[in-house]
6 protein chains.
Amino acid sequence: MLQILFLLSLFLSTSHASDFCVADLKGVKSPSGYPCKSHVTVDDFVFSGFKAGNTSNVFKAALTPAFVDEFPGVNGLGFSAARLDLDVGGIIPMHSHPSGSELLIMVSGHITAGFIASDNSVFLKTLSKGDLMIFPQGLLHFQLNSGNRKATAFFTYSSTNPGAQLLDLALFGNNLDSVLVQKSTLLDLAQVKKLKGVFGGSY
Amino acid sequence: MLQILFLLSLFLSTSHASDFCVADLKGVKSPSGYPCKSHVTVDDFVFSGFKAGNTSNVFKAALTPAFVDEFPGVNGLGFSAARLDLDVGGIIPMHSHPSGSELLIMVSGHITAGFIASDNSVFLKTLSKGDLMIFPQGLLHFQLNSGNRKATAFFTYSSTNPGAQLLDLALFGNNLDSVLVQKSTLLDLAQVKKLKGVFGGSY
Amino acid sequence: MLQILFLLSLFLSTSHASDFCVADLKGVKSPSGYPCKSHVTVDDFVFSGFKAGNTSNVFKAALTPAFVDEFPGVNGLGFSAARLDLDVGGIIPMHSHPSGSELLIMVSGHITAGFIASDNSVFLKTLSKGDLMIFPQGLLHFQLNSGNRKATAFFTYSSTNPGAQLLDLALFGNNLDSVLVQKSTLLDLAQVKKLKGVFGGSY
Amino acid sequence: MLQILFLLSLFLSTSHASDFCVADLKGVKSPSGYPCKSHVTVDDFVFSGFKAGNTSNVFKAALTPAFVDEFPGVNGLGFSAARLDLDVGGIIPMHSHPSGSELLIMVSGHITAGFIASDNSVFLKTLSKGDLMIFPQGLLHFQLNSGNRKATAFFTYSSTNPGAQLLDLALFGNNLDSVLVQKSTLLDLAQVKKLKGVFGGSY
Amino acid sequence: MLQILFLLSLFLSTSHASDFCVADLKGVKSPSGYPCKSHVTVDDFVFSGFKAGNTSNVFKAALTPAFVDEFPGVNGLGFSAARLDLDVGGIIPMHSHPSGSELLIMVSGHITAGFIASDNSVFLKTLSKGDLMIFPQGLLHFQLNSGNRKATAFFTYSSTNPGAQLLDLALFGNNLDSVLVQKSTLLDLAQVKKLKGVFGGSY
Amino acid sequence: MLQILFLLSLFLSTSHASDFCVADLKGVKSPSGYPCKSHVTVDDFVFSGFKAGNTSNVFKAALTPAFVDEFPGVNGLGFSAARLDLDVGGIIPMHSHPSGSELLIMVSGHITAGFIASDNSVFLKTLSKGDLMIFPQGLLHFQLNSGNRKATAFFTYSSTNPGAQLLDLALFGNNLDSVLVQKSTLLDLAQVKKLKGVFGGSY
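Computed from a prediction, not measured in an experiment: that's the story for all the values here. (Residues numbered from 1 in each chain as written. Chains lettered and ligands numbered in written order. Predicted model: local features only at pLDDT ≥ 70, side-chain atom pairs only at ≥ 80, totals over all residues. Heavy atoms only, no water.)

**Points about the overall build of chain A**
Then, in step 1: Check the secondary structure of chain A and you find four helices and eleven strands.
Then, in step 2: For chain A, whose C-alpha radius of gyration is 22 Å, the value lies well above the compact-globule estimate of 17 Å for 203 residues.
Then, in step 3: Within the span of chain A, comprising 203 residues, buried residues form 66% of the whole.
Then, in step 4: Sequence separation of 24 or more characterises 65% of the internal contacts of chain A that already satisfy a separation of 6 or more.
Then, in step 5: Taken as a whole, chain A presents about 6200 Å² of accessible surface, with 56% of it coming from carbon and sulfur. (Helix = DSSP H or I, 4+ residues; strand = E, 2+ residues; numbered from the N terminus. Rg over C-alpha atoms; globule rule 2.2 N^0.38 Å. Buried < 20%, exposed > 50% of the residue type's maximum accessible area, 1.4 Å probe, protein only. Contact = heavy atoms within 4.5 Å. Areas by Shrake-Rupley, 256 points an atom, 1.4 Å probe, with all protein chains shown as cover.)

**What about the state of the cysteines?**
Residue and element names in this part refer to chain C.
Then, in step 1: Taken as a whole and assessed by the stated rule, the structure comprises six disulfides over all chains.
Then, in step 2: Paired through a disulfide, Cys-21 and Cys-36 show a sulfur-sulfur distance of 2.1 Å. Because the sign of the S-S torsion sets the handedness, a value of about -100° for the bond joining Cys-21 and Cys-36 places this disulfide among the left-handed ones. Taken as a pair, Cys-21 in the loop between helix H1 (2–12) and strand E1 (46–47) and Cys-36 in the loop between H1 and E1 lie far apart in primary sequence, 15 residues in all. For the pair formed by Cys-21 and Cys-36, the shared burial category is buried. (Disulfide = S-S within 2.5 Å.)

**What to know about the interface of chain F and chain D**
Interfaces are often sized by the accessible area lost when the parts come together.
Then, in step 1: Counting from both sides, the interface comprises 52 residues of chain F and, opposite them, 51 residues of chain D.
Then, in step 2: Interface area, chain F with chain D, both sides summed: about 4000 Å², of which 72% is carbon and sulfur.
Then, in step 3: Three residues stand out in chain F for area buried against chain D, namely F:Phe79, F:Leu132 and F:Ile134, and they jointly supply 16% of the buried area on that side.
Then, in step 4: The closest approach of N and O atoms between F:Asp43 and D:Lys125, which form a salt bridge, is 2.5 Å.
Then, in step 5: The interface formed by chain F and chain D holds twelve residue pairs in polar contact (both at pLDDT 80 or more) in total.
Then, in step 6: For the side of chain F that touches chain D, the secondary-structure elements that each account for two or more residues are strand E1 (46–47), strand E3 (80–86), strand E5 (102–108), strand E7 (122–128), strand E8 (132–135) and strand E10 (151–157) of chain F.
Then, in step 7: A total of five residues in the side of chain F that touches chain D trace back to one element, the largest contributor, which is E5(F).
Then, in step 8: As paired elements, strand E1 (residues 46–47) of chain D and E8(F) share two bridges and run antiparallel to each other. In the strand pairing of E8(F), D:Phe47 is matched with F:Leu132. (Buried area = accessible area lost by both parts, 1.4 Å probe. Salt bridge = Lys/Arg side-chain N within 4 Å of Asp/Glu carboxyl O. Polar contact = N/O pair within 3.5 Å; in protein donor to acceptor, adjacent residues only side chain to side chain. Pairing = 2+ DSSP bridges.)

**Observations concerning the sheet that holds strand E9 (residues 141–145) of chain E**
Then, in step 1: Spatial strand order, E7-E6-E9-E4-E11 (chain E): five strands in an open sheet with antiparallel pairing. In this open sheet, the two strands that pair with only one neighbour each are strand E7 (122–128) and strand E11 (165–166) of chain E.
Then, in step 2: Bridge analysis of strand E6 (residues 110–116) of chain E against E9(E) gives five bridges, and the strand direction is antiparallel. Bridge pairing links E:Ile111 to E:Asn145 in E9(E).
Then, in step 3: Packing of helix H3 (residues 178–185) of chain F onto the sheet brings it into contact with strand E4 (91–96), E7 and E9 of chain E, and relative to E4(E) it is tilted by some 85°. (Axes fitted to C-alpha atoms, helices over the stretch in contact; angles between N-to-C directions.)

**So, the sheet that holds E1(C)**
Then, in step 1: Reading across the sheet, the six strands line up as E1(C)-E8(E)-E5(E)-E10(E)-E3(E)-E2(E) and stay open at both edges, with antiparallel pairing between neighbours. Among the strands making up the open sheet, the edge pair consists of E1 of chain C together with strand E2 (61–66) of chain E.

**Brief notes about the relation of the copies chain F and chain D**
Mapping one chain copy onto the other needs a rotation about an axis and a shift along that axis.
Then, in step 1: The operation relating chain F to chain D is a screw motion whose rotation component is 180°, with 0.0 Å of axial translation and a residual RMSD of 0.0 Å. Taken together, the rotation and translation relating the two chain copies correspond to the operation of a two-fold axis.
Then, in step 2: Mapped onto chain D, 98% of the interface residues of chain F are again interface residues, and the two copies thus contact each other with one and the same surface. (Least-squares fit on C-alpha atoms with pLDDT ≥ 70 in both.)

**A closer look at helix H4 (residues 189–199) of chain F**
All names here are of chain F.
Then, in step 1: Inspection of H4 places Gln-191, Val-192, Leu-195, Lys-196 and Phe-199 among the buried residues, and these make up the whole buried set. Looking straight down H4, one finds its buried side chains confined to an arc of 135°; they lie on one side.
Then, in step 2: Backbone geometry just after H4 places Gly-200 at a positive phi near 85°. (Arc of directions from axis to C-beta.)

**Focus on unusual backbone geometry**
Leaving glycine out, the prevailing phi sign among residues is negative, and the prevailing peptide bond configuration is trans.
Residues and elements named next belong to chain C.
Then, in step 1: Although it is not a glycine, Asn-120 sits at a positive phi angle of roughly 80°.
Then, in step 2: Along the chain, Asn-120 turns up in the loop between strand E6 (110–116) and strand E7 (122–128).
Then, in step 3: Residue class for Asn-120 comes out buried when judged on its relative accessible area of 10%.

**Focus: the domain arrangement of chain A**
Then, in step 1: Taken as a whole, chain A is organised into domain 1 (42–50 + 59–163) and domain 2 (168–199).
Then, in step 2: Distance from the C-alpha centre of domain 1 of chain A to the C-alpha centre of domain 2 of chain A: 26 Å. (Domains from an automatic or database assignment.)

**Structural notes on the environment of A:Gly49**
Then, in step 1: Relative to the helices and strands, A:Gly49 is located in the loop between strand E1 (46–47) and strand E2 (61–66).
Then, in step 2: Among the residues examined, A:Gly49 registers a relative accessible area of 24% and is labelled partly exposed.
Then, in step 3: In this structure, the C-alpha to C-alpha distance between A:Gly49 and A:Thr64, residues 15 residues apart in sequence, is 7.8 Å.
Then, in step 4: Leaving out residues up to four positions away in the same chain, A:Gly49 has contacts with A:Thr64 and B:Gly130.

**Remarks on the side chain of E:Asn57**
Residues and elements named next belong to chain E.
Then, in step 1: Within the secondary structure, Asn-57 is located in the loop between strand E1 (46–47) and E2.
Then, in step 2: For Asn-57, a relative accessible area of 5% gives the class buried.
Then, in step 3: Only 3.1 Å separates the side chain of Asn-57 from the backbone nitrogen of Phe-59, close enough to count as a polar contact.
Then, in step 4: Among the polar contacts made by the side chain of Asn-57, one reaches the main-chain carbonyl oxygen of Ala-61 at a distance of 2.8 Å.

**Brief notes about the pattern of salt bridges**
Then, in step 1: As enumerated under the stated definition, the model contains 30 salt bridges over all chains in all.
Then, in step 2: Residues B:Asp44 and B:Lys37 are paired through a salt bridge, measuring 2.6 Å at the closest nitrogen-oxygen approach.
Then, in step 3: In this structure B:Asp44 comes out as buried when scored by relative accessible area, which is 11%.
Then, in step 4: For B:Lys37, a relative accessible area of 35% puts it in the partly exposed group.
Then, in step 5: When the shortest N-O distance is used, the salt bridge between C:Asp87 and C:Lys150 registers 3.5 Å. Residue C:Asp87 is found in the loop between strand E3 (80–86) and strand E4 (91–96), and its partner C:Lys150 is found in the loop between strand E9 (141–145) and strand E10 (151–157); the two are separated by 63 residues along the sequence.
Then, in step 6: On the basis of relative accessibility, which here comes to 54%, the residue C:Lys150 falls in the exposed class.

**Some points on the packing of aromatic side chains**
Then, in step 1: Applying the stated criterion to the full structure yields 75 aromatic pairs over all chains.
Then, in step 2: Look at A:Phe47 and A:Phe71: their rings are 5.5 Å apart centre to centre, the planes differ by 35°, and that puts the pair in the tilted class. On the criterion of sequence distance, the pair formed by A:Phe47 in strand E1 and A:Phe71 in the loop between E2 and strand E3 (80–86) is long-range, its members being 24 residues apart.
Then, in step 3: The class of A:Phe47 is buried, set by a relative accessible area of 12%.
Then, in step 4: Among the residues examined, A:Phe71 registers a relative accessible area of 1% and is labelled buried.
Then, in step 5: With centroids separated by 5.1 Å and ring planes inclined at 90°, the aromatic side chains of C:Phe115 and E:Phe45 adopt a geometry described as edge-to-face. (Phe/Tyr/Trp six-rings, centres within 6.5 Å; stacked < 30°, edge-to-face > 60°.)

**So, the pairing of strand E6 (residues 110–116) of chain D**
All names here are of chain D.
Then, in step 1: The buried count for E6 comes to six of seven residues, which makes it a mostly enclosed element.
Then, in step 2: Two strands pair when backbone bridges link them, and E6 and strand E7 (residues 122–128) are joined in this way by seven bridges, in the antiparallel orientation. From the neighbouring strand, Phe-115 faces E7, where its bridge partner is Phe-123.
Then, in step 3: Connecting E6 to the antiparallel partner E7 that follows it, the hairpin turn spans five residues, and Asn-120 within it adopts a positive phi of roughly 80°.

What follows is the structure, encoded as structure tokens:
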């Protein structure tokens, strides 16, 4: 018995330190992610928040992320997830993920989803239970509940933190000068100002 | 109008070729994956086979993969997925994925899942709807339906083809000499031969 | 002499095959790029097209790419370049690069450039000769000639083919249904139709 | 002379900081490894412990690792090494490396080694001096001294810390419930309990 | 309005933390680079030092780097840049970049540049305005002003810190024993000692 | 039995295709390596050529590579190996590996080895049996038999094809004009011509 452990201690000297690196969210991030937490339990690998979100908003939509900041166990592993709930007519408006590709898994309902490639071609499909759809990294896309009941889907990403750039917020929800928005989008100035009003941007 | 297109043609010269690389499954793989298909449609990005699998087998389990060979759109994107169905008492027995980490998303029922780290510590949890659990790359793990009704979960992986090494098949389902199995596992020879009988390995 | 060559032949057995992989543009791409050309000369590593582009268009802008399709020597090396010419008042309108970050090097003139981060904050600067500016991967950005003479800049990218998604083209230059554009952007339908007219999209 | 140094100081401003990153083992790991030690000497790049290990144990085997925790110079470089000594009849029992592939270089003696692929096929060979053998990442493998004298081999890995999951320890050397082991492996419960006794696991 | 922000807060929870990681130069580097600065402004993404360098030295050359230590915004993005000024007859002598490939963009004048591949073949070209040239990672190369006026070029690299090993300094500018230099280069001892005198190495 | 196979066929559908990618040397390389061979045996993972090389040459040295072109099994795995034999006084002269770091494992004899970092500092050590030494990617280094009997060492690399740029061959073994060599190295022209004579370069 002791002899067995003598050998095995050699293997164990490597410890689990190379298997994973659960994020210490209080540590400082580097390009590879958060520093590793020194003591881990099974709960570091479990996330229990994939519940129906509150869709009582103008988009009739709720997105529940399990990115590295909510789910530290994914740190360094190159993936993360999110849950989407859409009421009838609900939509996740045009957006892109600068840091990862997206995989949608339908759970219930009907969603019309689309993305636009660099060459401007449109990839559009109405999805139902049992369908998966890919949205490649950095491309504009949207998801619309096109059915007559609630729709739910799960997302996974090829990144622990895919980011999300929501088009309306990027253009109309900050202090970017209205004339610069107009010039860089060719939208009418009145349209720009109207949506700045909606999204809280300064004029 | 023509003037606009003059500028835009410069942007378009890059085409969508850099956005994605849908697998041409008839091509020859390289370490980075399959060669890219030249003409793609939205259906290359959609997989419609996440249906309940047939669990009428000894493990009362069904696994439906959407890896690159079933879902060519994931080629080069670094992720893939699978659906798991477990009848009451069903199990995906001890196995590991040599080429990717796994993320489990519970859909319905109750699953007791566990993995074992390099330092031999056990990470075990009973999961229900709304739970996610991580299984790091290359580590032995299993999933058991511990509830009293069917259980369903989705898996995603940090690889377009995570592979799967099922322990019983690796040890007992091939022509590896029984004495070598005995010596390399310390199992009793009778146990080895019994399971070789079950899994179809030669003695 | 022969003895020297005897030793050296061992080193040479590796050839230059590991130093670089100039693209054979007639070959089929894989996720890692084009297959390697078998015979190369110095001209495979030289690109001579960084000349002033034709800015006689509505954006008063010209972009001259040296991506892998124009400059096969960058294949597998993880970088590429482009030249930008902007007449007075010229602009490269809002766009993003899904597959790479961008580094701008000012050559002459004055350019007001900006990008918007995932958290919606704006990073805006007026640049002149001697300035460099970074535009991280996948984020919306633009460059406007804000001076009173022509402006020229060079771009380099952290990708052999960064792609480019031009916002107006993505929204208004294809067959994406006007109502879907409206719903996914909250733009007025009249605005959508007006710009579809400008950018050649179908209604 | 001063003029030369004037130019050269520009080159030197980059320092050796980009050439390597010797691990500061007292620092906190991140997914990319340990933080870099600030002052290094040649001894940070030299490891002097590849001596014959003590094989007076039940496996008649000794493994001497030079992973990042023993050899901090490999940090960030993507490789590490180990020395294997096997007495007559000695064995490194069935195990896998979750985080790296292995390359065996025979030094003396005879070793019968094998690995099992994801498709359950067996790759088995008896090796002697002058032979190398590959064991791909995450796959079960073993090495047995099949000669009539001591055997020695060197290992290198495609990781600074490949980890090691020893099958017997993973199944029988911890607190994983015996019935769960039985269910997830199909081993007889008596066999499980017997080996739990040998490897120190709780029942 | 509040309802919109309710949805959007979900997106914003990811913040810009995944878009970039500006270097905190006071932090400790890891293999992936510097830790991320917590508060950033546009000036972190702008570098304003691409001015003509002082070429009053024996090489009639000046190199102005914008590597991560001078330009912290490139941290984690995989690129960096430098400016080269060469007086008539000026030269950047034989050197290599251990950690990145180089792309030269001609701005003015004429430069004769060359690199040597692992198979010993020479790639040589005289470049003028409008030309780009690639120098693959780790290969010896040089740049000589072969025109009759000043020459300026920009460099970009596939690394945030490509390093630079200047051949004369490596051989003659340190305390490497002259006999070891002689033996390892086959240069005459007198030549070695003469250049050690020039470059400040000890004998 | 059939029921077992029913489940297992799902796992097997992934095949061993994701475990490894043995090089088909007749195929065309891409940046990620050679295309994968379709049918493999254990001999694809075994290399049997680590025999003592012929040191009857002016350097009294022999290097026996097991890079991807000699050992196709390493394709895509990120490592390779070589064997070094040095007679008394033998030397591997100054060289660098553009595409990978090197790890030396001493087998017998005494070797004085050194490398020079980007900041011009020298890392020098005399090694004997039981020692390992690291030579980071792209840095000039050499290995000299400094003992009074033959020396043997094994090398492993963090690349399937590290390349090798031998300084004397790069400078003196090709058609690079002698005056360009002189200017770019500051060597005396007579020294350049003398060594061009030795290494077969044209004047």
